[in-house]
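Structural overview for review
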Amino acid sequence: MPMSFSLTQMLLVSAAYLLVLFGVAWVSEHGLIPRWIIRHPLTYTLSLGVYASAWAFYGTVGLAYQYGYGFLSSYLGVSGAFLLAPVLLYPILRITRTYQLSSLADLFAFRFRSTWAGALTTVFMLIGVLPLLALQIQAVADSIGILTREPVQDRVAVAFCALITLFTIFFGSRHIATREKHEGLVFAIAFESLIKLIALGGVGLYALYGVFDGPQQLELWLLQNQTALASLHTPLQEGPWRTLLLVFFASAIVMPHMYHMTFTENLNPRSLVSASWGLPLFLLLISLAVPLILWAGLKLGATTSPEYFTLGIGIAANSKSLALLAYIGGLSAASGLIIVTTLALSGMALNHLVLPLYQPPAEGNIYRWLKWTRRGLIVAIIALGYGFYLMLGAQQDLANLGIVAFVATLQFLPGVLSVLYWPTANRRGFIAGLLAGISVWAVSMLLPLIGNLQGFYIPWLNMIYVLDDTSWHMAAIA
């Protein structure tokens with residue numbers, strides 16, 4: 001009889017994991033963990049592992065199936081940004097600390113002396129990361145659906161969103177100053193990164209030694225199954241991997257969760273030196289498991305789509321513990337991203353959308369009003385992500401959803417570079433570039449995603465545009 005779990009078991013495992021996460025954050029905030037551990041550069045480096053969301057945990061196996069070794073661009077791009085820390089990240093950190101800027105919107109509003117720059121950045125960032133939030137919800141709902149063999153995705157998605165909203169409110173919005181450091185949260189996210197590494201490493205090692213019986217047998221299998229190897233090589237000849245490289249390079253700096261962890265939550269500027277090589281090493285260790293999981297899934301004839309081979313191997317091997325380990329890894333990847341992204345976006349929305357439009361009454365308790373407004377924004381952002389997930393109806397591949405979100409944030413890269421190296425850039429140019437970039441992205445990537453359009457005709461180019469593997473990178477470059 002094929003292995004499966006009950007929905008109650010999966011919900012209990014999920015709630016227990018999030019309670020452990022809450023416990024880790026609570027213990028570290030209440031001084032029960034030595035301060036040198038919390039402030040250690042390794043903790044900071046691991047907290048940056050929030051980059052490896054459910055997209056990196058599940059989606060990159062699908063990306064490897066689709067683009068071959070091009071999947072490495074997701075790790076190489078962000079590693080490139082961190083290896084360039086002295087000329088790229090360190091100057092931004094210095095500006096952020098000197099002028100007490102807590103988000104990308106703050107940085108642009110300060111640099112261009114424009115409230116519009118901050119407000120537009122906030123609105124476009126909110127729209128741009130919706131596919132990424134929907135992706136995390138879809139990954140958790142799908143994985144529980146796969147493990148229970150029941151169509152329970154809709155109920156699971158609501159429960160997951162409710163739990164994550166509570167966690168983010170408890171640990172993200174107790175302090176109102178967006179400059180305030182959340183040491184407990186940083187430690188919890190670092191703990192999550194360790195869980196992801198252990199889960200993906202565990203499945204990878206099982207794939208190598210449990211499925212293939214060691215490196216020699218794997219080599220033999222690859223020789224006998226040339227198609228598995230050929231599919232990894234071919235797309236690199238011409239495919240869109242160079243564009244992927246640029247997209248992921250940009251995401252390391254401009255994605256709200258990465259900006260928040262890299263700059264806003266930085267306790268010691270010298271930690272960035274360790275992170276400049278520590279994060280690429282962490283991502284390298286994670287990426288080593290991806291081809292092994294892909295090949296093991298193909299060999300075992302896993303019944304899931306390639307994106308969920310990480311779970312499919314445990315199911316095909318009839319190992320409950322392996323499937324559960326993979327699920328907990330995926331859950332930690334998804335929850336970490338949602339928590340940090342909503343925390344960062346709620347701060348941006350409060351400062352650049354709510355406060356310019358409405359000032360709290362002076363005679364009331366302003367502190368309390370700010371706290372509850374921020375909590376309301378957290379609920380609204382997660383609800384928007386859930387709404388976007390419902391609108392898509394779980395029809396999209398995780399890889400596609402991730403790419404659409406990453407390309408959206410690519411529009412902010414010229415602005416960041418102008419802050420550092422283009423003193424003559426002005427707000428009109430920045431706003432015009434941002435409006436143009438987001439318009440192209442909305443028409444060429446967001447509309448086909450939402451409308452499930454197969455393609456549309458572009459008269460002045462005399463071509464039919466289809467959002468697929470061959471065309472999305474044209475939209476990204478445009």
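The preceding data block contains the structure.
A few points on the structure. What you see is a predicted model, and the numbers here were worked out from it, not measured in a lab. (Residues numbered from 1 in each chain as written. Predicted model: local features only at pLDDT ≥ 70, side-chain atom pairs only at ≥ 80, totals over all residues. Heavy atoms only, no water.)

1. So, the overall build of the protein
Using the following cut-off: By definition, any uninterrupted DSSP run of H or I lasting at least four residues is a helix, any uninterrupted run of E lasting at least two residues is a strand, and each is numbered from the N terminus. When a residue's accessible area, from a 1.4 Å probe over protein chains only, is under 20% of the maximum for its type it is buried; when over 50% it is exposed; and in between it is partly exposed. The contact criterion used throughout is that any non-hydrogen atoms of two residues lie within 4.5 Å. All accessibility values rest on the Shrake-Rupley procedure with a 1.4 Å probe; residue burial counts only the protein chains present in the view.
Helices and strands together make up the secondary structure of the protein, namely 22 helices and 2 strands. Buried residues in the protein amount to 58% of all 478 residues. In the protein, the proportion of contacts linking residues at least 24 apart, taken out of those at least 6 apart, comes to 83%. About 19,500 Å² of surface is accessible on the protein, with carbon and sulfur atoms providing 66% of the total.

2. Section: helix α14 (residues 256–264)
Each full turn of the α-helix corresponds to 3.6 residues, which orients residues three or four apart in the same direction. Burial runs high along α14: 9 of the 9 residues are buried. Listed as buried for α14 are Pro256, His257, Met258, Tyr259, His260, Met261, Thr262, Phe263 and Thr264.

3. Quick notes on the packing of aromatic side chains
Put simply, the rule is: Think of it this way: a Phe, Tyr or Trp ring, Trp meaning its six-membered ring, pairs with another when their centres are within 6.5 Å, and the plane angle makes it stacked under 30 degrees, edge-to-face over 60, tilted otherwise. We call a charge positioned above a ring when the Lys NZ or Arg CZ atom is no farther than 6 Å from the ring centre and deviates by at most 35 degrees from the ring normal.
As enumerated under the stated definition, the model contains 15 aromatic pairs in all. Both rings, one in Phe57 and one in Tyr58, keep their centres 5.2 Å apart while their planes meet at 85 degrees; by these two values the pair is edge-to-face. Summarising the burial analysis for this pair, Phe57 and Tyr58 share the class buried. Taken together, the ring pairs in this structure connect Trp55, Phe248 and Phe406 into an aromatic cluster. The residue whose ring lies beneath Lys320 is Phe5, and the NZ or CZ to ring-centre distance is 5.0 Å. The ring of Trp372 has Arg375 lying over it, and the distance from NZ or CZ to the ring centre is 4.8 Å.

4. Overview of a nonpolar patch on the surface
For clarity, the cut-off: By definition, no residue in a patch forms a salt bridge, and every one has over 30% relative accessible area; like charges are joined within 9 Å, nonpolar side chains (Val, Leu, Ile, Met, Phe, Trp, Tyr) within 5 Å. Within this document, salt bridges are pairs made up of a side-chain nitrogen of Lys or Arg and a carboxyl oxygen of Asp or Glu, the two lying within 4 Å of each other.
Residues Trp277, Leu281, Leu284, Leu285 and Leu288 make up a contiguous nonpolar surface patch of roughly 520 Å² in combined accessible area. Within the secondary structure, Leu285 sits in helix α15 (residues 271–300). The class of Leu285 is partly exposed, set by a relative accessible area of 43%.

5. A closer look at unusual backbone geometry
We note that Arg149 has phi near 55 degrees; this positive angle belongs to a residue other than glycine. Since its relative accessible area comes to 45%, Arg149 is described here as partly exposed. Positive phi outside glycine occurs at Asn318, with the angle close to 60 degrees. With respect to the element layout, Asn318 can be found in the loop between α16 (309–316) and α17 (320–357).

6. Remarks on the environment of Ala81
Looking at where Ala81 falls in the secondary structure, it is placed in helix α5 (residues 73–83). Along the backbone, Ala81 and Ile253 are 172 residues apart, and their C-alpha atoms lie at a distance of 7.6 Å. Apart from residues no more than four positions distant in its own chain, Ala81 is found in contact with Leu88, Leu89, Phe249 and Ala252.

7. Structural notes on the environment of Gln138
Position of Gln138 relative to the elements: it lies in helix α8 (residues 115–148). With 252 residues separating them along the chain, Gln138 and Leu390 place their C-alpha atoms 9.3 Å apart.

8. Here we look at the nonpolar core
In summary, soluble globular proteins display a tendency toward joint burial of nonpolar side chains. Applicable threshold: Remark: nonpolar core denotes a set of buried residues (Ala, Val, Leu, Ile, Met, Phe, Trp, Tyr, Cys) joined through side-chain atoms within 4.5 Å.
The biggest cluster of nonpolar side chains holds 156 residues, and the ones touching the most others in it are Phe82, Leu104, Phe108 and Ile253. Here the element with the most residues in this core is α8; it accounts for 17 residues. For Phe108, the residues in contact, after removing those within four places along its chain, are Arg113, Ala117, Thr121, Phe412, Gly415, Val416, Val419 and Phe430. Counting 5 residues, the second-largest nonpolar core is a separate cluster that includes Ala349, Leu350, Leu355 and Leu377.

9. With respect to the side chain of Glu192
Stated precisely, the cut-off is as follows: Counting rule applied: Lys, Arg positive; Asp, Glu negative; His and chain ends not counted. Pairing of N or O atoms within 3.5 Å defines a polar contact, subject to two protein rules: one partner must be a possible hydrogen donor and the other a possible acceptor, and residues neighboring in sequence count only if both atoms are side-chain atoms.
When you line up the elements, Glu192 lands in helix α10 (residues 183–211). No salt bridge is formed by the buried Glu192; the nearest opposite charge belongs to Lys196, separated by 5.8 Å. Here Gly336 takes part through its backbone nitrogen, which lies 3.1 Å from a polar atom of the side chain of Glu192. Once residues within four sequence positions are removed from consideration, Glu192 is found in contact with Tyr17, Leu21, Ser332, Ser335 and Gly336.

10. Concerning helix α7 (residues 104–111)
With 7 of its 8 residues buried, α7 lies for the most part within the structure. Those residues of α7 lying buried are Leu104, Ala105, Asp106, Leu107, Phe108, Ala109 and Arg111. Just beyond α7, the residue with positive phi is Arg113, at close to 50 degrees.

11. Quick look at the packing of α16 against α17
Stated formally: Lines are fitted to the C-alpha atoms to define the axes, a helix being fitted only along its stretch in contact, and any angle between axes, read from their N-to-C directions, falls within 0 to 180 degrees. An angle below 35 degrees is read as roughly parallel, one above 145 as roughly antiparallel, one from 65 to 115 as roughly perpendicular, and any other as oblique. For a crossing to be left-handed, the near helix must be turned anticlockwise from the far one by less than a right angle; the clockwise case is right-handed. Following the grouping adopted for this structure description, the nonpolar residues are Ala, Val, Leu, Ile, Met, Phe, Trp, Tyr, Cys and Pro, the charged ones are Asp, Glu, Lys and Arg, and the polar ones are all others, Gly among them.
The contact between α16 and α17 brings their axes to 7 Å, and the two run at 165 degrees. Considering their axes alone, α16 and α17 lie roughly antiparallel with respect to each other. In terms of crossing hand, the pair formed by α16 and α17 is left-handed. Residues Thr310, Leu311, Ile313 and Gly314 of α16 form the contact with α17, whose own contacting residues are Leu322, Ala323, Ala326 and Tyr327. Along the lines of polarity and charge, the residues of the contact of α16 with α17 split into 6 nonpolar, 2 polar and no charged.

12. Comments concerning the packing of helix α4 (residues 54–67) against α16
Relative orientation of the contacting elements α4 and α16 amounts to 85 degrees, with a least axis distance of 9 Å. As the angle between them shows, α4 and α16 are arranged roughly perpendicular. Contacts between α4 and α16 involve Phe57, Tyr58 and Val61 from the first element and Phe309, Thr310 and Leu311 from the second. Its residues assigned to classes, the contact of α4 with α16 shows 5 nonpolar, 1 polar and no charged.

13. A few points about the environment of Leu435
With respect to the helices, strands and loops of the structure, Leu435 is situated in helix α21 (residues 427–451). In this structure the C-alpha to C-alpha distance between Leu435 and Leu120, which are 315 residues apart in sequence, comes to 8.6 Å.

Geometry only, nothing functional implied.
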